[in-house]
Amino acid sequence: MRIATAKESYAADEALFDTPTQRVWLALFVAVCALFPFTANEYWLYMACLVAIHVISVTGLNIVTGFTGLVSLGQAAFMGVGAYTVAVAETRFGTPVLLNLIAAGAITAAVGAVVGIPSLRVKGLYLAIATIASSFILHFVFANWNSVTHGVSGISLPPASILGVEFGRPFALYFLIVPIAFLAVFSASNLFRTRIGRAFIAIRDRDISAEVLGIPLLRYKLMSFALSSFYAGVAGGLWAYFFRVVTPESFPFVYSIFFLAAVIVGGMGSILGSILGAVFMTMVPEVLKLGVGVMSPFLSDAVALLSPVRTIVFGGLIIGFLIFEPHGLAEIWRRIRRFFHLWPFKT
Amino acid sequence: MSITRRTALALALATATTLAGAPARAADDIVIAGSMPLTGVFAFAGIGVHAGIQDYVKIVNDAGGIAGRKVVYVAEDTAYKVDQSVAVFNKLTSQNKVNLYYGDSTGFAKTINPELNRLGTMMMAGASFATELNDPKAYPLQFMAGPDYTEMVGILLQYIAKTKPGAKIAFVHSDTEFGRDPIGPSEAHAKKLGLDVVVKIVTPPTAVDVSTEILKLRRADPDFTIFHGYVLAPLPEFMNQAKQLGLKTKFMGTFWSMDNSLWGKVGEAADGFMGVMPYRYYYDAEGKSPMLEKIRAMRPEYQSTPYLQGFLTTMLYLESAKRVLEGGKELNGPNLKAALNSIKDFDTGGIIGTPITITGNSIPVGRVYRYDAVKKAMLPNSDWIQLGK
Amino acid sequence: MIDFDWLFFLEVSLAGLGSGALLALTGLSFVLIYKATRAVNLAIGEMLMIGAYAFFSFSAGLGLPWWAAVPAALACGGLLGAVIERAVIRPMLGESAISVLMVTIGLGSVLIGAVELLWGADPAQLPDFMGTSPVFLGPAYVSRKIVIGFAVAATVITLFILAFRFWRGGVALRATATDQGAAYSCGIDVPVVFSMAWVFAGVAAAGAGILVGAVGGISPAMGIFGLSALVVVIVGGLDSVVGALIGGVLVGLIEAWTGTYLGGEFKTLITFGLLIAVLMVRPYGLFGTVEIERL
C-alpha cells in the first residue's frame, strides 16, 4: 500500500507526474524505448513505428473527441492532408524534413479549422457525419487534383534525410518517429493543465455553461479542431516518410473509424487511453496472427482457415472490452493501479 | 543413452520451439513468402491464389524440389490493407531467408519497391496487374504473371477491331485506382485502331444500383462495353437491364472478373459475357495440358482463375530459380529477374495455351473467352492474342 | 440547354427514385433503432448483408421458392436483431452513445468474419425472383427490380408510419423515445420496447438486404452500403421515419442526376456537399427533432 502523497505546494499538486513511483516507471519506460531498436528485428521495429504514428494521430483525435466532446470521423483524411503536404514539399521543393512536418501540421490545422466550422451549429452524431462528409470531399480532392496529387497513382517520395543521415529503414525511422510521438503526447498532457485545455473540457461537459463562463465557443471549438488536425497532419507526414508512397486510397474512411475506435477503446478524455487504444488497435490483429501461427503445426493450412475467425475475435474483443469497461482500457489500467496502491486492502 | 536432465531439457526446448511455429528449415530451402488477402474485400482472389501456390509447391517438392532443394511456402493474411501487408513482409523476411515474394495489391507493390531493391535478395510478383508496375526500370525486381491492365484492354480492343472494325465502344470503370488504371492509354489505343469511344462511365466504389448508368449506356448505344475495376457486381445487373432494354451491346471484362464459378451463379444473364483471360480454365481439355491434368488430379472440384494465377506465378518463380541454380549463380533478386527474362518460348504445361516469352515485367498474352450459359462454362472465342506482334 | 432530353431526364429521375427507395428502407431500420434506443448502429450494413445471405441460403441453398425464402430471411433478420439487442446492446444501457456506437463497429467486424467463415469470400448473385420483363411508364423505361424495390420500401415505410400513429406498441415506442423515465412510470415495459425496436429494425434491414442483394449481388463487402444510408438519415433527421423516406428519395435523385450529368466520380462529392449544406441550415436534419438545450 502506498501512503503519504501529501502535497506541500501548488506546483507539486499540478505536476504532470506527481509521485516518485510514476517518475521511476516513466524513466524505465523511456529507457526501454531507447534500447528497444537495438534488440528488436525489422518486424517489431516496423510495428513500433506504426504504433507511434497511430499514437500521435489518436492523441490528436482524443483532443477533439475525448476532451472537447466533438466526435470527428475525419482523422484519416486529415492525415492524408499531412501526408500529401509532406510528399509535395519533399518532391517539389526538397525542403528540410522537420520543416515539412511542421508545414504538414500547419496546413492540416488550417483544413481542420475549416472542417470544424459546422461544429458551432451541428452537434453530436450529426457533427460526426458532417466530418465524414469532409473526409469524402478531401478524398475527392486527393483523387482529382491531378496537377498536385498526381491523381489515383499518387506520389512516391525519397527517404527522409536530416543533416545527411538517411531515415529509410524502420531502425532509423524509429529515432525520428518515436521522439516526435513522445513530444506529441507530452504536449497534449500539458495542454490540459492550461487555460485552453480546461476550456476544451468545459465545452465537452456543457457547452452552453462554458459559454456563460466566458469561453468563446467558436474560437475554442475551431482551435480544438485545428490542434487535433495538427496532430493528424504531423502523423500523416510521418506516415508519408514511413511508407513513402501516398495515394488517395492510403487513407480510406475505415481508417478514420479505426482511429475513433482506438480513442473509445483506449478511453475518451485520457492521454494514457490514447496510447493504450493505439497499441490495442494496431497490435491485436498482429497478436491474433501470432495465435494463428501457433495453430499451424496442428491444423493444415491454418492461415486460410482461421483468418475469418480472427476478424470475429477482433470484433468480439472490442465489444467485450466495452461491455466490461465502457470507459476504456485507461479505466482498466487505473483499476489495476489502484489495486496495487491499496493492496492488501480491498479496492 | 540414458535420459539425463540436460537432454530432457533440450528435448523439451526443441518441442517447444517446434510448437511455437518455427519448424526446422534447411538453410538452402527456396522460400516463397506472401502477403495474402485472405480476408477483406479481395479475399475471393487471395484464397484462390493461396491454394494455387501451395499446390504448385507441392507438385515440385513431390518431384524432388528444385535442383535438389526443397521449396517452402509461408504466408499471412493482410486483409488487403497496405500497412498490414508491409508488416507481413517485414515479419516473414526477418523470420525466413525469402527468395520469392507474392504481394497483394498495387499499393503494396509500390510501397515495398524501394525496400525490395535495397535488399536485392528476392524477386516479387503479385495480384496487381497495374500498368505502372510494368516498367522494368522503375520496378526491376517485380513482374506480373500476365498482361498488365492496359494490355488486357488492348487485347480486347484488338479483338474488337478485328471482328467489327470501326465499332463503337463504351468504358465502364470503378472510381478506384484499380478501375482508372487502363482507361487513359486505352482510349488512345482505341482511337489508333479506328474504334470510336462513345462514352466513359464511372461508378463510385459503393454503387449498388446502376439504373442511371444503364440509361446513359442506352443513349450512347455502343457495340461493345468494356468493364474494368470490378470482380462481379455490378456487372450482372448491367447485363440484366441491358437485356431487358434490348441493347445490342456486347459486354466484356478483364481478368479479375473472369472467374467461371462466379458467372455460373449468375445464370441466364451471364450468357455472352466476354473477357480477356491470360490462362486457360480448369476444365479446358483442348490440346495437351499436363499441368491442368495434374491440377485436376489433385483437386477434383473446379479451381478459380486466381488459383491459376497463383499456380502460374509459382511456376515462373521456380523456373527462374531453377535457371539461376543451373547457371551456378547466387539465388538473389537480380539473378532471378534475369533468369525470368531469359524465358523464351516457354511451355507452361498448358496453363497458357501458347509458348510464352518474358522480355519485361509482363506477359502480354491473352485470349478472349465467352460465357455460355447453356454449357455453364467460359469457352474460347478467339485465338491467343499476343500484343506487339 | 436548347434541346434538353426530357424523356432521358424523366428516366434518370425515376431510376434515382428507385435507388433512393433502397436507401430509405435501410435508413428506416437505422431510424427505428435510434429512435427507441438512442444507439447509432454502424453495423446496419452488416445486418443487411446477413439478411441477404440468409435469403441466399434459403433460396439458392435449400431451393425454397421466393415466397417462402423471403419470410424466412426476414425472420432471421428479426432474430439477429433480437440477439444483438439482448447480448450486446442491453448491457450497454446507460452508457454514452459513443461507446454504443463503438460496440456496433465491433459487431460489424464480427458479422463480416461470420459471413466469410460460413459462406466464403466469393461474391455471389441472388437467384432472380422478380422477373425480367422491363417496365415502361408511358415512354419511360424503369428497371423492374427498382420498381419493386420502390413499391416495397414505400409500403413498408407507410406501414411503419401508421403503426407509430395508431398501434399501441408503436405509441409505446414513441413514448420511450420521448422520455424513458416517464414511459417507465406509465407502465411501459421499456426493455421490451427496446427488443421490439431491434427486431423490427432487423426485419427491415433484412428486407433491404434482399433488395440490395438482388440488385447489386452479395459479397462480404456489401455492408459498405450502410454508409450511404447514414447520409440519408442525417439529411432526413436521425429520429424521423418520414425523414428517412424523404432523405432517401432526395439523395437517390441527387446521386442519379450528378451521376448522369457530371459523371460518377462526382456522386459522393455532391451528396456529401448537400449533406453539409442541409446541416448548416437545419442542424437536426430536415425532419429531426430539435433538441432544446437548457442550462
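Rules used throughout
- Residues numbered from 1 in each chain as written.
- Chains lettered and ligands numbered in written order.
- Predicted model: local features only at pLDDT ≥ 70, side-chain atom pairs only at ≥ 80, totals over all residues.
- Helix = DSSP H or I, 4+ residues; strand = E, 2+ residues; numbered from the N terminus.
- Rg over C-alpha atoms; globule rule 2.2 N^0.38 Å.
- Buried ≥ 20, exposed ≤ 12 C-beta atoms within 10 Å, placed from the backbone.
- Contact = placed C-beta atoms within 7 Å.
- Nonpolar A, V, L, I, M, F, W, Y, C, P; charged D, E, K, R; others polar.
- Pairing = 2+ DSSP bridges.
- Right-handed = clockwise from strand over helix to strand, strands pointing away.
- Axes fitted to C-alpha atoms, helices over the stretch in contact; angles between N-to-C directions.
- Parallel < 35°, antiparallel > 145°, perpendicular 65-115°, else oblique.
- Left-handed = near helix turned anticlockwise from the far one by under 90°.
- Expected span 1.5 Å × (residues − 1).
- Core = buried A, V, L, I, M, F, W, Y, C linked by C-beta atoms within 7 Å.
- Domains from an automatic or database assignment.
- pLDDT = per-residue confidence, 0-100.
- Bend = angle between axes of the 7 residues up to and from the residue.

1. Considerations on the overall build of chain B
Of the regular secondary structure elements, chain B holds 13 helices and 11 strands. Taking 21 Å as the expected radius of gyration for a compact globule of 389 residues, we find that chain B reaches 22 Å, a close match to that expectation. In terms of its C-alpha atoms, chain B occupies a principal-axis envelope of roughly 85 × 40 × 40 Å. Residues classed as buried in chain B amount to 58% of the 389 residues present. Partitioning the contacts of chain B with sequence separation of at least 6, the portion at a separation of at least 24 is 67%.

2. Concerning the overall build of chain A
Looking only at helices and strands, chain A has 15 helices and 4 strands in total. In terms of overall dimensions, chain A is globule-like: its C-alpha atoms have a radius of gyration of 21 Å, near the 20 Å expected for 347 residues. With the principal axes as the frame, chain A shows a C-alpha extent of 65 × 65 × 45 Å. For chain A, the proportion of its 347 residues judged to be buried stands at 50%. Within chain A, counting contacts between residues at least 6 apart in sequence, those at least 24 apart form 75% of the total.

3. What about the environment of Val86 of chain B?
Along the polypeptide, Val86 of chain B turns up in helix 3 (residues 82-95). Residue classification places Val86 of chain B among the buried residues on the basis of 24 C-beta atoms within 10 Å. Residue contacts for Val86 of chain B: discarding those within four places in its chain leaves Tyr46 of chain A together with Phe108, Thr111 and Ile112 of chain B.

4. As for the interface of chain A and chain C
Contact with chain A, which involves 33 residues of that partner, is made by 36 residues of chain C. For the side of chain A that touches chain C, the elements supplying multiple residues, two or more each, are helix 6 (124-144), helix 10 (207-212), helix 12 (253-266) and helix 14 (302-324) of chain A. Here the element with the most residues in the side of chain A that touches chain C is helix 14 of chain A; it accounts for 11 residues. A breakdown of the residues in the side of chain A that touches chain C according to their chemical character gives 26 nonpolar, 5 polar and 2 charged.

5. Description of the interface of chain C and chain B
Each partner contributes residues to the interface: chain C has 39 residues there, and chain B has 32 residues. Looking at the side of chain C that touches chain B, the elements that each hand over two or more residues are helix 1 (6-37), helix 5 (144-166), helix 8 (190-216), helix 9 (225-236), helix 10 (241-261) and helix 11 (267-281) of chain C. Considering each element in turn, the side of chain C that touches chain B owes the most residues, 8 residues, to helix 1 of chain C.

6. Structural notes on the pairing of strand 4 (residues 123-126) of chain B
All names here are of chain B. Burial along strand 4 is two-sided: Met123 and Ala125 facing one way and Met124 and Gly126 facing the other are all buried. In this sheet, strand 4 lies alongside strand 3 (residues 98-103) in parallel orientation, the contact comprising 4 bridges. Each bridged residue has a counterpart across the sheet, and for Leu100 the counterpart in strand 4 is Met123. What joins strand 3 to strand 4 is helix 4 (residues 106-119), and the crossover it makes is right-handed.

7. Comments concerning the sheet that holds strand 3 of chain B
Residue and element names in this part refer to chain B. Spatial ordering of the open sheet is given by 2-1-3-4, a layout of 4 strands whose pairing is parallel. This sheet does not close on itself; its edge strands, each paired only once, are strand 2 (71-77) and strand 4. When the angles between neighbouring strand axes are averaged without regard to direction, this sheet yields 20°. Relative to strand 3, strand 1 (residues 30-36) runs parallel, the two sharing 4 bridges. Residue pairing for strand 3: Ile32 is matched across the bridge by Leu100.

8. Notes on the packing of helix 2 (residues 44-61) of chain C against helix 8 of chain C
Residue and element names in this part refer to chain C. One can describe the packing of helix 2 onto helix 8 by two numbers: an axis separation of 7 Å at closest approach and a directional angle of 65°. When the interaxial angle is binned, helix 2 and helix 8 end up roughly perpendicular. In this structure, the crossing between helix 2 and helix 8 has a hand that is right-handed. Between helix 2 and helix 8, the residues in contact are Ile44, Met47, Leu48, Met49, Gly51, Ala52, Ala54 and Phe55 and Gly202, Ala205, Ala206, Gly207, Ala208, Gly209, Ile210, Val212 and Gly213, respectively. Along the lines of polarity and charge, the residues of the contact of helix 2 with helix 8 split into 12 nonpolar, 5 polar and no charged.

9. A few points about helix 11 (residues 217-243) of chain A
All names here are of chain A. With 27 residues, helix 11 should cover 39 Å at 1.5 Å per step; its first-to-last C-alpha distance of 38 Å lies within 8% of that length. With respect to burial, helix 11 is a largely interior element, 23 of its 27 residues being buried. Note on helix 11: the residue one or two positions beyond its end, Arg244, has a positive phi of about 65°.

10. Regarding the sheet that holds strand 6 (residues 196-203) of chain B
What links the strands of a sheet is backbone hydrogen bonding, and the strands pair in either a parallel or an antiparallel sense. Residues and elements named next belong to chain B. Taken in spatial order, the 7 strands line up as 6-5-7-8-9-10-11 in an open sheet, and their pairing is mixed. Both outer strands of the open sheet, strand 6 and strand 11 (377-386), are each paired with one neighbouring strand and no more. Here the average twist between neighbouring strands, direction ignored, is 25°. Note that strand 5 (residues 168-174) and strand 6 share 7 bridges and pair parallel. Residue Ala170 lies in a different strand from strand 6, and its bridge partner there is Val199. Packing against the sheet, helix 8 (residues 211-220) makes contact with strand 5, strand 6 and strand 7 (224-228), and its axis sits at approximately 175° to strand 6.

11. Brief notes about the nonpolar core
The biggest cluster of nonpolar side chains holds 351 residues, and the ones touching the most others in it are Cys49 and Ile177 of chain A, Leu156 of chain B together with Ala24, Leu28, Ala52 and Ala197 of chain C. A per-element tally of this core places helix 8 of chain C first, with 18 residues. Built from parts of two domains, this core gets at least three residues from each of domain 1 (27-146 + 288-358) and domain 2 (149-277 + 366-386) of chain B. If sequence neighbours within four positions are ignored, Ile177 of chain A has contacts with Cys49, Ala52, Ile53 and Leu238 of chain A.

12. Here's the deal with the domain arrangement of chain B
Residue and element names in this part refer to chain B. For chain B, the assigned domains read domain 1 (27-146 + 288-358) and domain 2 (149-277 + 366-386). Here domain 1 and domain 2 have C-alpha centroids that lie 28 Å from each other. Taken together, the contact pairs 12 residues of domain 1 with 16 residues of domain 2. Taken together, the residues that form the side of domain 1 that touches domain 2 break down as 5 nonpolar, 7 polar and no charged.

13. Digging into the confidence of the model for chain B
Residues and elements named next belong to chain B. On average, residues of chain B score 89 in pLDDT, and 93% of them are at 70 or above. Across residues 1-24, confidence stays below pLDDT 50; counting only partners more than four residues off in sequence or on other chains, it has 10 contacts. For this predicted complex, the interface confidence score (ipTM) comes to 0.90, while the overall pTM stands at 0.91.

14. Quick look at the packing of helix 5 (residues 97-116) of chain A against helix 11 of chain A
All names here are of chain A. It is at 6 Å that the axes of helix 5 and helix 11 come closest, and there the two elements cross at 140°. Here helix 5 lies oblique to helix 11, going by the angle between them. With respect to the hand of their crossing, helix 5 and helix 11 are arranged in right-handed fashion. Partitioning the contact of helix 5 with helix 11 into residue classes produces 14 nonpolar, 10 polar and 1 charged.

15. Considerations on helix 4 of chain B
Residue and element names in this part refer to chain B. With 14 residues, helix 4 extends 20 Å from end C-alpha to end C-alpha; this agrees with the ideal 20 Å at 1.5 Å per step. Along its length, helix 4 shows its largest kink, about 45°, at Asn113, and proline Pro114 lies within four residues downstream of that point. Among the residues of helix 4, those classed as buried are Thr106, Gly107, Phe108, Ala109, Lys110, Thr111, Ile112, Asn113 and Leu116. The first or second residue beyond helix 4 is Gly120, which carries a positive phi of 65°.

16. As for the environment of Ala15 of chain C
If you trace the backbone, Ala15 of chain C turns up in helix 1. When residues no more than four places from it in sequence are discounted, the contact partners of Ala15 of chain C are Ser211, Thr212 and Leu215 of chain B together with Val142, Ser143, Ile146 and Ala256 of chain C.

17. Re the environment of Ala190 of chain B
All names here are of chain B. By the secondary structure assignment, Ala190 is in helix 7 (residues 183-192). Residues Ala190 and Gly166, 24 residues apart in the sequence, show an inter-C-alpha distance of 9.5 Å. Leaving out residues up to four positions away in the same chain, Ala190 has contacts with Leu157, Ile169, Leu195 and Val197.

18. Structural notes on unusual backbone geometry
Most peptide bonds take the trans form, and the phi angle of most residues other than glycine is negative. In this structure, Pro344 of chain A follows Trp343 of chain A across a cis peptide bond, with omega equal to 5°. Tracing the sequence through the fold places Pro344 of chain A in the segment after helix 15 (329-342). The step from Ala233 of chain B to Pro234 of chain B runs through a cis peptide bond, and the omega angle for that step is 0°. Mapped onto the elements, Pro234 of chain B comes out in the loop between strand 7 and helix 9 (235-245). Positioned with a positive phi, Arg244 of chain A is a non-glycine residue whose angle comes to about 65°. Here Arg244 of chain A shows up in the loop between helix 11 and strand 4 (245-246). Judged by the 22 C-beta atoms lying within 10 Å of it, Arg244 of chain A falls in the buried class. For Asp221 of chain B, which is not glycine, the phi torsion reads 50° and is therefore positive. Among the structural elements, Asp221 of chain B can be located in the loop between helix 8 and strand 7.

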